[in-house]
Amino acid sequence: MTATPGHLDVDLDTLEVIQRRVHWLAVRMVDHANRERGDAGGIKVGGHQASSTSMVTLMTALWFGHLAAPDLVAVKPHASPVFHAIRYLLGELDADRLAQLRGFGGLQAYPSRTKDEGRIDFSTGSVGLGATAPLFAAMVRRYLDAHHGPRSQPSRFVALLGDAELDEGNVWEAVGDPATAGLADVLWVVDLNRQSLDRVVPGVQAGRLSRAFADNGWHVSEAKYGRRLQGVFARDGGDALRRHIDEMSNERYQSLFALAGDAPALRERFLDRADATVRRLVDELDDTEVEVVLDLGGHDLAEVLDRYREADAVTDRPSVVFAYTIKGWRTRMAGDPRNHSALLTSEAIEELRAANGLDASTEWNALPSDSEAGRWCAATAQRLRRAPWPEPVPIRVPPEVGLPRRPRVSTQETFGRLLVGLGRDPSVRGALVTLTPDVAVSTGLGGWINAAGVFDPLHDPAGDAAVVDDEAGGPSLLSWERSPTGQHVELGISEMNLFSALGAFGLAWDHSGQRLLPIGTLYDPFICRGLDALIHGAYSGSRFVVVGTPSGVSLAPEGGAHQSTITASIGVELPGLVMAEPAYAGALDWLLCDGLARLADPDGPDESLYLRLTTRPVDQAPFEAARTRLGSEELRRQVLAGGYVLVPSSSAEELEGPLVRLVAAGAVLPEVVAAQAELEAEGVRAEVLDVTSLTRLYRGWRGALRSGVRSAREPDAAHLDVLLGSGDPTAPIVTVHDAASHAMAWLGSVTGAPVVPLGVDAFGQSGRIPDLYDAFELSTGHVVTAALAALARGLAR
């Protein structure tokens, strides 16, 4: 690892005192939450005593014997009680908070950047994602150091993870991506307790995992046996003893821990199937020594510290330490295959309390300030106190790029042109960074990358090939320069990596002291493939822009596998994400610039922008007519609020008859505008509402209702109330959306109007846009028919 603060002069006896208190507090927190807080509503509270105890030595050694202030750590989800115990001993938590584990407003079940108080580097809990978060944060640090100079205080990026987390596919997608290669400031510590939720992990798995990391260019080490057992291995016959233990199944070895304290039974069980050499050596151990066969490296402070220091000496690649531990360490349930969610009995808690020299009046005490352990805790707290980052230069995003207007253009093409335009702004250019999972050209980034280049910190320019001319004799369009100064990060085909990396870039200010404007692009249907990582980024308070393009069945020839349906619903329902689906270039310009400005605002909301775009060229005339009618300033305000009247209906004086509202978003607007004209030609008054952000319309309306409920008064009018309340508030509604129809179907509940929702409620297939629109009732004729049906429903009421 590259950021070594120097080895600490640590007294192991002092660390032992600290880890005993950490162990007790972690176990007692879970016990209190389950037995003394009261009923949780008929469900269990939980807390993972066994999974916490296996991490105590690893975390005590890390915090009290290794970390420096700039280091960033992701904590294994089930080790949350250990983490909170350490924070308490460092003075970051008050004692009364320990009794609030898993309580409302208290310490979270799993470490959370947004829900826990104080310094939390990474949210964990979604297994595998917390593990990879430091890896991507280190990737971001490398990017920032290359573009803005090295940080004044280098960091180490540490992940503490359970061995079963390595079953998650996202872990290996991250480890194997070339974008994460060579990150020497990364350390993963694997809690190899050989138990998952429901099983004991086969012993062969550890070797496979080690080889997999090594094959991906990682430095691999292990803390397998403690120093006492290593001393026995050094005796005559020690090699045979090591083989005997190495070849023992995990299930059998785990079972030995239940016999700790019963030396004869432990000896007999251990020597079953042992050869004469092993028997002779073990017979030399008296009953006070035989438990040395249970001495695992992950519970030996000196061994663990040495493995951490070994990783520090590695300067060209990430490191992983496999630390052999026991689930339920130093408790009655050590090694029990059913201990994952088990709780120690009250008698066992009393026994453990007494073993720590505590009673009911002192059990929550920190270590005495005048003791060696107490002084070391205070010194550690001082050492780990992190100075705030210097305030960065503000990023001033313009309200619009102001592209030359084109009569017909798609939102995907417009997005690409906007990005190039933003790249010419000196205040914005240096903050922009784009990412894709190997789909840069097909998501509109080609022009931007031509100008900005590809980020490649390990690139050797001597190996560059000459730029190949295209068929017309000019330079190739995709003449992408690869260098440490490029601003596009090209990932492998992994949507999980894309969203994990976006989440890390969106936290660059917190982790590395530099605010960025990260933009990721991918095919819209594959948002679902990376959804877990997207949720993790939103939950962590990250800020970024994600562009899903192309979207919907409007990507007609590609077929159902590439035609998204439910992504709009995700964009409305996922906290921390705002979905926008503009149909017109001007609206996209405003929405993108506004979204980036919110990312750049230090006091802005922790939310990200999701743009759902399309490759379908759309006539821009209706939008320009709305601009003329409303004026640019007012139209921009309404676009950013979520929607506006694109085409007004004729007045009641101009055309008698009821009003119908056609509410639509995105690529289907041309059909809806044509349907409005047909309806008016048939004597039906019709207006078209262009929904630019269904999320903002819904949250604005819902927020006004909540405010009214909480204040017990009539809610204020939201923007959506104004849009639907003008003219005839109960006018029937037809919603038209190249997405699942239910995403907009709720709009009638705002005014109590009847609704006919049109959308995509089945998997698509290949074809032309007219074929698909006709099949899913999105064509002009279907919109007209739906409007007449909506009017009939309204009259019937």
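Residues numbered from 1 in each chain as written. Predicted model: local features only at pLDDT ≥ 70, side-chain atom pairs only at ≥ 80, totals over all residues. Heavy atoms only, no water.

Trainee: Would you take a moment to explain the overall build of the chain for this structure?
Mentor: For the chain, the count of helices and strands is 33 helices and 20 strands. The C-alpha radius of gyration computed for the chain amounts to 31 Å, which stays within 12% of the reference 28 Å derived for 797 residues, consistent with globular compactness. Its C-alpha atoms give the chain principal-axis dimensions of about 105 × 70 × 50 Å. Taking all 797 residues of the chain together, the buried fraction comes to 58%. Taking all contacts inside the chain whose residues are at least 6 apart in sequence as the whole, residues at least 24 apart take part in 79%. When the accessible surface of the chain is totalled, it reaches about 31,100 Å², and 52% of it is carbon and sulfur. Between the mean site of the 74 positive side-chain charges and the mean site of the 104 negative ones, the chain shows a separation of 3 Å. (Helix = DSSP H or I, 4+ residues; strand = E, 2+ residues; numbered from the N terminus. Rg over C-alpha atoms; globule rule 2.2 N^0.38 Å. Buried < 20%, exposed > 50% of the residue type's maximum accessible area, 1.4 Å probe, protein only. Contact = heavy atoms within 4.5 Å. Areas by Shrake-Rupley, 256 points an atom, 1.4 Å probe, with all protein chains shown as cover. Lys, Arg positive; Asp, Glu negative; His and termini not counted. Charge placed at Lys NZ, Arg CZ, Asp CG, Glu CD.)

Trainee: Explain helix α22 (residues 531-539) here, please?
Mentor: Given 3.6 residues per helical turn, the α-helix brings residues three or four places apart onto the same face. Here α22 has its buried residues at Ala 533, Leu 534, His 536, Gly 537 and Ala 538. A positive backbone phi angle near 80° is found at Gly 541, which sits one or two residues after α22.

Trainee: Just checking my understanding: could you explain the layout of surface pockets for this structure?
Mentor: With a probe scaled to a water molecule rolled over the atoms, the places where space remains empty come into view. If you add up the space inside the largest pocket, you get close to 580 Å³. Forming the walls of the largest pocket are 19 residues, and the residues nearest its centre are Arg 228, Leu 294, Asp 295, Trp 329 and Arg 330. Its residues placed into classes, the lining of the largest pocket shows 10 nonpolar, 3 polar and 6 charged. (1 Å grid on protein atoms, 1.4 Å probe; cavity = no way out; pocket = protein on both sides within 12 Å on 5 of 7 lines; lining within 4 Å. Points joined across faces, edges and corners; volume = space filled by probe spheres on them. Nonpolar A, V, L, I, M, F, W, Y, C, P; charged D, E, K, R; others polar.)

Trainee: Explain the packing of aromatic side chains to me, please; I cannot follow it from the model alone.
Mentor: The geometry of two aromatic rings is summed up by the distance between their centres and the angle between their planes. Inspection of the entire model under this criterion finds 17 aromatic pairs. Between Phe 213 and Phe 322 the ring centres are 5.9 Å apart and the planes differ by 70°, which places this aromatic pair in the edge-to-face class. Of the two residues, Phe 213 is situated in helix α8 (residues 204-215) and Phe 322 in strand β5 (residues 319-324); the sequence distance between them amounts to 109 residues. Exposure class is identical for Phe 213 and Phe 322. Each is buried. Aromatic pair Phe 623 and Tyr 644: ring centres 6.1 Å apart, planes at 80°, arrangement edge-to-face. Residue Phe 623 is found in helix α25 (residues 621-630), and its partner Tyr 644 is found in strand β16 (residues 643-647); the two are separated by 21 residues along the sequence. (Phe/Tyr/Trp six-rings, centres within 6.5 Å; stacked < 30°, edge-to-face > 60°.)

Trainee: I'm lost on the side chain of Arg 543 in this one. Help?
Mentor: Assignment of secondary structure puts Arg 543 in the loop between α22 and β12 (545-548). Here Arg 543 falls in the buried class, since its relative accessible area comes to 7%. Within polar-contact distance, the side chain of Arg 543 engages the backbone oxygen of Leu 599 at 3.3 Å. When residues no more than four places from it in sequence are discounted, the contact partners of Arg 543 are Gly 506, Arg 515, Pro 518, Arg 598, Leu 599, Asp 601, Pro 602, Gly 604, Pro 605, Asp 606, Glu 607 and Ser 608. (Polar contact = N/O pair within 3.5 Å; in protein donor to acceptor, adjacent residues only side chain to side chain.)

Trainee: Is there a simple way to explain helix α3 (residues 56-65) in this structure?
Mentor: Among the 10 residues that make up α3, 10 are buried, leaving the element largely enclosed by the rest of the structure. Among the residues making up α3, those that are buried are Val 56, Thr 57, Leu 58, Met 59, Thr 60, Ala 61, Leu 62, Trp 63, Phe 64 and Gly 65.

Trainee: Would you take a moment to explain the environment of Thr 695 for this structure?
Mentor: Examined against the element boundaries, Thr 695 turns out to sit in helix α28 (residues 694-711). Thr 695 sits 123 residues away from Val 572 along the chain, and the two C-alpha atoms are 4.6 Å apart. Residue contacts for Thr 695: discarding those within four places in its chain leaves Gly 571, Val 572, Leu 577, Val 578 and Met 579. Among the polar contacts made by the side chain of Thr 695, one reaches the main-chain carbonyl oxygen of Gly 571 at a distance of 2.9 Å.

Trainee: For this particular structure, what's the right way to read the packing of α25 against helix α26 (residues 632-641)?
Mentor: In helix packing, the relevant descriptors are the interaxial angle and the interaxial distance, both defined with respect to the helix axes. At a closest axis distance of 7 Å, the pairing of α25 and α26 adopts a crossing angle of 115°. Mapping the contact onto sequence places Phe 623, Ala 626, Arg 627 and Leu 630 in α25 and Ser 632, Glu 634, Leu 635, Gln 638 and Val 639 in α26. Here the residues of the contact of α25 with α26 are counted per class, giving 5 nonpolar, 2 polar and 2 charged. (Axes fitted to C-alpha atoms, helices over the stretch in contact; angles between N-to-C directions.)

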